[in-house]
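Analysis of the macromolecular model
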Amino acid sequence: MAKAPALLRSLSLRGLSATHAQVFAGVRLVPLLRDAPRDDLRIAGRRHDDAWSIVNLGDGRAYCSYVPHALVIGWTDDGSPVASYGAALAGPEVRNPLSKWGCGVQLLHRMARREVRGEDPAERNRLRLLPLHLAMEGFLALHFNAPEIAWSEYSRRAISRGLDPRTEMSLSGRAIPSLEDALRVFEIHEGQCGVLLFVGELLASVFVVSHPDDYRALHRTLIEDFYEQTLLYAARHNGDSQALEHTFDAARIGSLDDLRAALGRARAEAGALHVDTAAGLLGRPIAAERVYRAGPFSLQRFMTELDPALDNHIGEAIVREDGTLEYAKTYRLAAGQVRRARLLQQLSAHGWNLDATAAALRTTRDQLIRRIDGEGFGYLIAEHVLKAALKRTK
């Protein structure tokens, strides 16, 4: 049995190299090239008839979300090529039982689900994944449960249901200026298996797949992903992204080979620079959780440490046993999302004791309650406690 890939401690572009970017207004796309793509893991898109879906998480839990497409991942355990891919791999989703009633809602079971079709082993190694949903569900579930001690300051709802239901707002890719045009007109490089997406010079997302043919088929799906709202303002107000220019020393170029070598060096230098600008995610410590084991591959979701002074991201990845990154999709957290997550972390770390948490944050209990209310969690506090704290901190 293949050795299970270790949990990610940081996100690296192992097996990939960046090259020069393409710039359109405030959008910068940095291609990620794979020198030696393999055929034993392939990824295809599956479009849903109904963009809105109810996702059944089991245990009586479900959520409703915009899910225009899914990813279907096929793999082999022995390194042989995946027998079928593209449309054949994607296949149809199990028919929506509500569609015949015109409800316009897709029913899906779990964010990552093994699909078994027939007796052929090649048809049994197939996993359906809702892109970014694993990562976002992990983020929303952060300290989701109710306080373990029924402190009198908390509301009945907080004691019985915790943060349920918890929501976060995000932005459709179609709302980001110039993104759709950039995805439509930019050249896809030979061997390209991924992209670093910058909007307004901010790293918006990292998208990686295992094979160039899969990337070519999925390139435009970036417009259907969701993004944090700050990117809208960055695209509008940070101005156009600057294109990197490189000059050559004509005296050192005497042949086409010299020119080809100089061009290769320039592209490598530009790619390294773009990777450096993604240091807010690449190379930073992350906390990862294994979600699924598929032969020599491991599906994991992760989150960077939450630091308000840095960029913070969540994401999901498939890693080969040797550490090669075969799939990744990330989401940049907004500043407000980081504040809320850090606040929940502090409350959980101190057993949801308001006095202890306030002391750790070097603030007063009333100021902490005001902060909890300001971050949208006022419903957790008993009404009379909340009103009194707000009155004292006017």
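Positions within a chain are numbered from 1, following the residues in the order the chain's sequence is written. For this predicted model, a pLDDT threshold of at least 70 governs which residues receive local features, and a threshold of 80 or more governs which side-chain atom pairs are given and counted, while totals over whole chains, interfaces and linings are taken from all residues. To obtain the side-chain values, all non-hydrogen atoms of the structure were included, while hydrogens and water were left out.

1. Observations concerning unusual backbone geometry
- The phi dihedral of Ser-178 falls on the positive side, at around 75°, and the residue is not glycine.
- In DSSP terms, a helix is any run of H or I states spanning at least four residues, a strand is any run of E spanning at least two, and both are numbered starting from the N terminus. By the element assignment, Ser-178 lies in the loop between strand S11 (171-172) and helix H5 (179-185).
- What makes Ser-178 partly exposed here is its relative accessible area of 23%.
- Phi is positive for Trp-352, close to 65°, though the residue is something other than glycine. Accessible area is worked out with a 1.4 Å probe on protein chains only. A residue is then buried under 20% of its type maximum, exposed over 50%, and partly exposed in between.

2. Brief notes about the pairing of strand S4 (residues 41-47)
- For S4, the buried fraction is high: five of the seven residues fall into the buried class.
- At least two DSSP bridges between two strands are required for those strands to pair. Direction of pairing for S4 relative to strand S7 (residues 69-75): antiparallel, over a ladder of seven bridges. Bridging across to S7, Ala-44 finds its partner in Val-72.

3. Concerning the packing of aromatic side chains
- For this analysis, a ring pair means two rings from Phe, Tyr or Trp (six-membered ring only for Trp) whose centres lie within 6.5 Å, classed as stacked if their planes differ by under 30 degrees, edge-to-face if by over 60, and tilted for the remaining angles. According to the stated counting rule, one finds three aromatic pairs in the structure shown.
- Measuring from ring centre to ring centre gives 6.0 Å for Tyr-154 and Trp-352, while their planes differ by 75°; the resulting arrangement is edge-to-face. Note that Tyr-154 is positioned in the loop between helix H3 (133-140) and helix H4 (156-161) and Trp-352 in the loop between helix H9 (335-349) and helix H10 (354-360), a separation of 198 residues in sequence. The two residues Tyr-154 and Trp-352 agree in class, both being buried.
- Ring centres of Phe-226 and Tyr-331 lie 5.6 Å apart, and the angle between their planes is 55°; this geometry places the pair in the tilted category. Highlighted residues: Phe-226 in strand S14 (residues 226-227) and Tyr-331 in strand S18 (residues 325-332), separated in sequence by 105 residues.

4. Points about the sheet that holds strand S9 (residues 112-114)
- Read across the sheet, four strands follow the order S4-S7-S10-S9 without closing on themselves; strand pairing throughout is antiparallel. The strands lining the two open edges of the sheet, one partner per strand, are S4 and S9. On average, each strand axis in the sheet is tilted by 25° relative to the strand beside it, whichever way the strands run.
- Pairing geometry for S9 and strand S10 (residues 126-129), over three bridges, is antiparallel. Paired with Arg-113 across the strands is Arg-128, a residue of S10. Axis definition: a line fitted to C-alpha atoms, over the contacting stretch in the case of helices. Angles run 0 to 180 degrees between N-to-C directions.

5. Remarks on the pattern of salt bridges
- Any Lys or Arg side-chain nitrogen located within 4 Å of an Asp or Glu carboxyl oxygen qualifies as a salt bridge. Inspection of every chain in the model, using the stated rule, returns 23 salt bridges.
- Between Asp-40 and Arg-320 there is a salt bridge whose closest N-O contact spans 2.8 Å. Pair noted here: Asp-40 is in the loop between strand S3 (27-33) and S4 and Arg-320 is in strand S17 (residues 313-320), with a separation of 280 residues, a long-range link.
- For Asp-40, a relative accessible area of 1% gives the class buried.
- Because the salt bridges share partners, they merge into one network encompassing Arg-38, Asp-40, Arg-320 and Glu-326.

6. What about the environment of Glu-224?
- Structurally, Glu-224 can be placed in the loop between helix H6 (212-218) and S14.
- A relative accessible area of 10% places Glu-224 in the buried class.
- When the C-alpha positions of Glu-224 and Val-67 are compared, they lie 8.6 Å apart, and in sequence the two are 157 residues distant.
- Think of a polar contact as two N or O atoms within 3.5 Å of one another; within protein, one of them needs to be a possible hydrogen donor and the other a possible acceptor, and neighboring residues in sequence only count if both atoms come from side chains. A polar atom in the side chain of Glu-224 sits 2.7 Å from the side chain of Arg-47.

7. A look at the packing of H9 against helix H11 (residues 365-377)
- H11 packs onto H9 with a crossing angle of 130° between their chain directions and a minimal axis gap of 10 Å. When the interaxial angle is binned, H9 and H11 end up oblique. The element H9 and its partner H11 pack so that their crossing is left-handed. Residues Gly-336, Arg-339, Arg-340, Leu-343, Leu-344 and Leu-347 of H9 lie in contact with H11, whose contacting residues are Leu-368, Arg-371, Ile-372, Glu-375 and Phe-377. Should an angle lie under 35 degrees it is considered roughly parallel, over 145 roughly antiparallel, and from 65 to 115 roughly perpendicular; all remaining angles are considered oblique. When the near helix sits turned anticlockwise from the far one by under a right angle, the crossing is termed left-handed; a clockwise turn instead gives a right-handed crossing. Here, two residues are considered to be in contact whenever any of their heavy atoms come within 4.5 Å of each other.

8. Notes on the side chain of Thr-357
- The topology assignment puts Thr-357 in helix H10.
- Relative accessible area serves as the criterion here: at 0%, Thr-357 is assigned to the buried category.
- At 2.8 Å, the side chain of Thr-357 forms a polar contact with the backbone oxygen of Asn-353.
- Contact partners of Thr-357, with chain neighbours within four places excluded, come to Gln-346, Leu-347, His-350 and Leu-368.

9. As for the side chain of Glu-228
- Mapped onto the fold, Glu-228 is located in the loop between S14 and helix H7 (230-237).
- Side chain to side chain, Glu-228 and Arg-332 meet in a polar contact 3.2 Å long.

10. Overview of H9
- How far a helix is expected to stretch is found by multiplying one less than its residue total by 1.5 Å. Taking 1.5 Å of rise per residue, the 15 residues of H9 would be expected to cover 21 Å, and the 21 Å separating its terminal C-alpha atoms lies within 8% of that figure.
- Within the sequence span of H9, burial applies to Gly-336, Gln-337, Val-338, Arg-340, Ala-341, Leu-343, Leu-344 and Leu-347.
- Elements that come into contact with the buried residues of H9 comprise H3, S18, H10 and H11.
- Following H9 by one or two positions, Gly-351 adopts a phi angle in the positive range, close to 60°.

Interpretation note: all reported values are geometric properties and have no functional meaning in isolation.
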